[in-house]
Amino acid sequence: VRDGHGVGALRTLTLEDGRIIVDRLEAQGEYYYSYSIVTSPLPVRAYRATMSVAPLTDSSSILTWSGSIEPEGMTEEQATAFFEDIYRMGIGLINRSIAAM
């Protein structure tokens, strides 16, 4: 977190190649949070996403990560494919972190 606490806080993410994304926490609950991109090198004019977790059984849960995108410099289809790849990569990182626990 770069600045603030709770809703409105800004977070800085540094990608492996050194590019920086700044996002803002827009909403938060016990099992979800929503954020929007403030600045980034990504090809979007506007982006807002929500990640939520819901129990399936006593020992498993489901993660849902969804977003709305206004692409810039690419078609909606290209933007959808681009962010699907980002979501898959992010979920893979989450799974690896959980497995390492």
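So, here's what we can say about the structure. None of the values given here were measured: they were computed from a predicted structure.

1. Quick notes on the overall build of the protein chain
Right, on to step 1. From N to C terminus, the protein chain includes 1 helix and 5 strands.
Right, on to step 2. Order of helices (α) and strands (β) in the protein chain, N terminus to C terminus: β-β-β-β-β-α.
Right, on to step 3. Overall, the protein chain is about 45 × 35 × 25 Å in size when its C-alpha atoms are taken along their principal axes.
Right, on to step 4. Across the 101 residues that make up the protein chain, the buried fraction comes to 23%.
Right, on to step 5. Pairs at least 24 apart in sequence give 18% of the contacts found in the protein chain among residues at least 6 apart.
Right, on to step 6. A total accessible area of about 7,100 Å² is found for the protein chain, and carbon and sulfur atoms account for 54% of it.
Right, on to step 7. Charge-centre separation for the protein chain: the mean point of 8 positive side chains lies 4 Å from the mean point of 13 negative side chains.

2. Re the nonpolar core
Right, on to step 1. Among the nonpolar cores identified, the biggest contains 11 residues, and these are I21, Y35, I37, L42, V44, Y47, A49, M51, W65, F83 and Y87.
Right, on to step 2. At the level of secondary structure, the elements contributing two or more residues to this core comprise β3 (32–39), β4 (44–57) and α1 (76–99).
Right, on to step 3. By residue number, the principal contributor to this core is β4, which donates 4 residues.
Right, on to step 4. Ignoring any residue separated from it by four or fewer positions in sequence, one finds V44 in contact with I69, E70, P71, E72 and F83.

3. Considerations on the environment of S61
Right, on to step 1. Of note, S61 is situated in strand β5 (residues 60–71).
Right, on to step 2. Leaving out residues up to four positions away in the same chain, S61 has contacts with V53, A54, P55 and L56.

4. With respect to the sheet that holds strand β1 (residues 10–14)
Right, on to step 1. Taking strand neighbours across the sheet as the criterion, the 5 strands line up as β1-β2-β3-β4-β5 in an open arrangement whose pairing is antiparallel. Looking at strand neighbours, the two that pair on one side only are β1 and β5, the edges of this open sheet. On average, each strand axis in the sheet is inclined to that of its neighbour by 25 degrees, with strand direction left out of account.
Right, on to step 2. When β4 meets β5, the two strands line up antiparallel, connected through 12 bridges. Bridging across to β5, S52 finds its partner in T64.
Right, on to step 3. Sheet strands touched by α1: β4 and β5. Its angle to β5, the strand with the most contacts, is close to 150 degrees.

5. Notes on the pairing of β3
A regular strand places its side chains so that they alternate between the two faces of the sheet.
Right, on to step 1. In this structure, strand β2 (residues 20–29) lies alongside β3, joined through 7 bridges in antiparallel fashion. Paired with G29 across the strands is Y32, a residue of β3.
Right, on to step 2. Linkage of β2 to β3, two consecutive antiparallel strands, is achieved through a turn of 2 residues.
Right, on to step 3. When β3 meets β4, the two strands line up antiparallel, connected through 5 bridges. Counted as the bridge partner of S36 is R48 from β4.

Analysis parameters
The residue numbering used here restarts from 1 in each chain and proceeds along that chain's sequence as written. Local features in this predicted model are restricted to residues whose pLDDT is 70 or higher, and side-chain atom pairs enter the listing and the counts only when it is 80 or higher, whereas totals over whole chains, interfaces and linings include all residues. Only hydrogens and water are set aside; all other atoms, that is, all heavy atoms of the structure, feed into the side-chain values. The helix count covers DSSP runs of H or I at least four residues long, the strand count covers runs of E at least two residues long, and both are numbered beginning at the N terminus. Residue exposure (1.4 Å probe, protein chains only): buried if accessible area is under 20% of the type maximum, exposed if over 50%, otherwise partly exposed. For this analysis, residues touch if any pair of their heavy atoms sits within 4.5 Å. Residue-level accessible areas treat just the shown protein chains as cover; the underlying method is Shrake-Rupley with a 1.4 Å probe. Under the convention used here, Asp and Glu are negative, Lys and Arg are positive, and both His and the chain ends fall outside the count. Positions of charges follow a simple convention, taking NZ of Lys, CZ of Arg, CG of Asp or CD of Glu. Among the buried residues, those of types Ala, Val, Leu, Ile, Met, Phe, Trp, Tyr and Cys that are joined through side-chain atoms within 4.5 Å form a nonpolar core. The pairing criterion for strands is at least two bridges between them, as found by DSSP. Convention adopted: a line fitted to C-alpha atoms gives each axis, helices being fitted over their contacting stretch, and angles between N-to-C directions are expressed from 0 to 180 degrees.

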